[in-house]
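Next come the chains, spelled out residue by residue.
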Amino acid sequence: MEFEKLLKDIADIGKEEFAEGWLDEIEKESGKVPLIFQRMSKRPEVLLSHLLYKGAIADTSTIDPKFVELISLAVGAALNCKHCTEYHMRAALKKGATKDEILEVVLIAGSLAQASVLADAYRVIDSGEEPCEGACDLNGISIKNKVNGD
């Protein structure tokens, strides 16, 4: 839908009713409404601005919608977001992705996520600096010592 028409429809119909209708469309298309959209709908301005932003990205993208969903799936997997992964996996399948393509993007995402964890840890280890600057002193006061009066 054209951006200006969406804005006009929101103004004409009202933010609450328009948000409810949009959630109904999402449920029909996806089978369920993601939790974040349910929570955002308590403040229709937040939901509508989020969906308008998301829609503007999708509508102006030069990337095939199947690949957008595969990228979204990979990001959800890398961020360890089960709900994002499930949602975008279903969407990718609906847009023509194969199970092999889904497995491949998850493997790539997992590999990059693992590399990121290792790279960050190795940088801390190799920095030679005191990473906690005393905040994680292992010889500090413990609850056990406080209870025992030590």
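About the thresholds
Residues numbered from 1 in each chain as written. Predicted model: local features only at pLDDT ≥ 70, side-chain atom pairs only at ≥ 80, totals over all residues. Heavy atoms only, no water. Helix = DSSP H or I, 4+ residues; strand = E, 2+ residues; numbered from the N terminus. Buried < 20%, exposed > 50% of the residue type's maximum accessible area, 1.4 Å probe, protein only. Contact = heavy atoms within 4.5 Å. Areas by Shrake-Rupley, 256 points an atom, 1.4 Å probe, with all protein chains shown as cover. Disulfide = S-S within 2.5 Å. pLDDT = per-residue confidence, 0-100. Axes fitted to C-alpha atoms, helices over the stretch in contact; angles between N-to-C directions. Parallel < 35°, antiparallel > 145°, perpendicular 65-115°, else oblique. Left-handed = near helix turned anticlockwise from the far one by under 90°. Nonpolar A, V, L, I, M, F, W, Y, C, P; charged D, E, K, R; others polar. Salt bridge = Lys/Arg side-chain N within 4 Å of Asp/Glu carboxyl O.

Q: So, the overall build of the protein: which residues are in play, and what are the values?
A: Counting its secondary structure elements, the protein contains 8 helices and 0 strands. The linear arrangement of helices and strands in the protein, starting from the amino end, is α-α-α-α-α-α-α-α. The 150 residues of the protein split such that 22% are buried. Contacts in the protein between residues far apart in sequence, at least 24 positions, make up 56% of those at least 6 positions apart. Accessible surface computed for the protein: about 11,300 Å², of which carbon and sulfur atoms make up 59%.

Q: Outline the state of the cysteines, listing residues and values.
A: Put plainly, two cysteines are in a disulfide when a covalent bond ties their sulfur atoms together. Tallied over the full model, the rule gives 1 disulfide. Here C81 connects covalently by a disulfide to C84, the sulfurs 2.4 Å from one another. Judged by the torsion about the S-S bond (65°), the C81/C84 disulfide is right-handed. Since its relative accessible area comes to 25%, C81 is described here as partly exposed.

Q: Any details on unusual backbone geometry? Residues and values, ideally.
A: Even without glycine at this site, N80 takes up a positive phi of about 60°. Topologically, N80 is positioned in the loop between α5 (65-78) and α6 (82-94).

Q: Would you mind going over the confidence of the model for the protein in detail, with residue names and values included?
A: Looking at the protein as a whole, its pLDDT mean stands at 88, while 85% of the residues score no less than 70. Predicted confidence in the protein is weakest over helix α8 (residues 143-147), with a mean pLDDT of 55, and strongest over α5, with 96.

Q: Can you break down the packing of α5 against helix α7 (residues 99-127) residue by residue, with the values?
A: At a minimum axis separation of 8 Å, α5 and α7 run at an interaxial angle of 40°. As the angle between them shows, α5 and α7 are arranged oblique. The handedness of the crossing between α5 and α7 is right-handed. When α5 is examined against α7, the residues K66, L70, L73, A74, A77 and A78 are found in contact with a partner set consisting of E101, I102, V105, V106, A109 and A113. Residue classes in the contact of α5 with α7 are distributed as 10 nonpolar, no polar and 2 charged.

Q: Provide a residue-level description of the pattern of salt bridges, including the pertinent values.
A: Enumeration according to the criterion identifies 5 salt bridges in this entry. Here E86 and K82 are joined by a salt bridge, their closest N and O atoms 3.8 Å apart. Taken together, the positions of E86 and K82, both in helix α6 and 4 residues apart, correspond to about one turn of that helix.

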